[in-house]
Amino acid sequence: LLLRGKVAFTVGEEEVTLAEYSYYYNSNYQEQYSYSVQFDQYYGAGMGTMYTGFDSTKTPDAQKYSGKIEGIEEPTWADYFDYNAKRQIQYAKAAKLYAAEKGIELSEEDYAEIETTIDSIEQNAKNGAQPYSLAAYLRLIYGKAMSVSAMKDIITQQVLIQKVRVLMRMVILLMQKVVLLLQ
């Protein structure tokens, strides 16, 4: 329980909880893990490592990452997941700030989408080979700091980010049309 509200770091003046950081870190890890496993399944053992550089049989901190990460001489996959998680969180916090500045708010439909997403995760938890409660499932997937309320906050943030992205795309398209008209 003490981990759930613990602050991992700050972005500007925004606190980032351990649950939020764990969500982004573990999402990056699980995506890479899944790609590697899929290559292994479709093309044979070792192909996941060959094509992705990530070995699904090893922990992220036990294998070198072949890309570059500023400030780290010999990065591991754990460094890569950490770096990506922090960048995604920075973007999320910037989008949240932008939304607040522009008065962008979630609609009733958005809140319904959030509830549907939570319900879907809960059904996945209950209907797996090993049934779990939603809270236990979230902790299993995203770490001990994750709770149902933290996940709901993260999903709410994701929906808001998507709304900001759509608005920004519309602004860019409008600007492109204006530029074309001025030519």
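For the structure, see preceding data.
Residues numbered from 1 in each chain as written. Predicted model: local features only at pLDDT ≥ 70, side-chain atom pairs only at ≥ 80, totals over all residues. Heavy atoms only, no water.

Peer 1: Describe the nonpolar core, and please don't skip the residues or the numbers.
Peer 2: Ranked by internal contacts, the top residues of the largest apolar core, which has 37 residues, are Tyr23, Tyr24, Leu138, Met146, Met151 and Ile155. Mapped onto this core, the elements with two or more residues apiece are α1 (18-43), α3 (77-102), α4 (108-127), α5 (134-142) and α6 (148-182). In this structure, Leu138 is in contact with Ile121, Gly143, Met146, Ser147, Val148 and Met151, ignoring residues within four places of it in sequence. (Core = buried A, V, L, I, M, F, W, Y, C linked by side-chain atoms within 4.5 Å. Buried < 20%, exposed > 50% of the residue type's maximum accessible area, 1.4 Å probe, protein only. Helix = DSSP H or I, 4+ residues; strand = E, 2+ residues; numbered from the N terminus. Contact = heavy atoms within 4.5 Å.)

Peer 1: Summarise the side chain of Ser22; cite the residues concerned and give the values.
Peer 2: The residue Ser22 is located in helix α1 in this model. Beyond its immediate sequence surroundings of up to four residues, Ser22 is in contact with Ser27 and Tyr142.

Peer 1: Any details on the pattern of salt bridges? Residues and values, ideally.
Peer 2: One pass over the structure, following the stated rule, counts eight salt bridges. The partner of Lys93 in a salt bridge is Glu14, with the nearest N and O atoms 3.7 Å apart. Within this pair, whereas Lys93 is found in helix α3, its partner Glu14 is found in strand β2 (residues 14-17), the two being separated by 79 residues in sequence. On the basis of relative accessible area, Lys93 is assigned to the buried category, the value being 7%. Classification of Glu14 as partly exposed rests on a relative accessible area of 30%. The residue Lys93 makes a salt bridge to Glu20 at a minimum N-O spacing of 3.2 Å. Of the two residues, Lys93 sits in helix α3 while Glu20 sits in helix α1, which places them 73 residues apart along the sequence. For the pair formed by Lys93 and Glu20, the shared burial category is buried. (Salt bridge = Lys/Arg side-chain N within 4 Å of Asp/Glu carboxyl O.)

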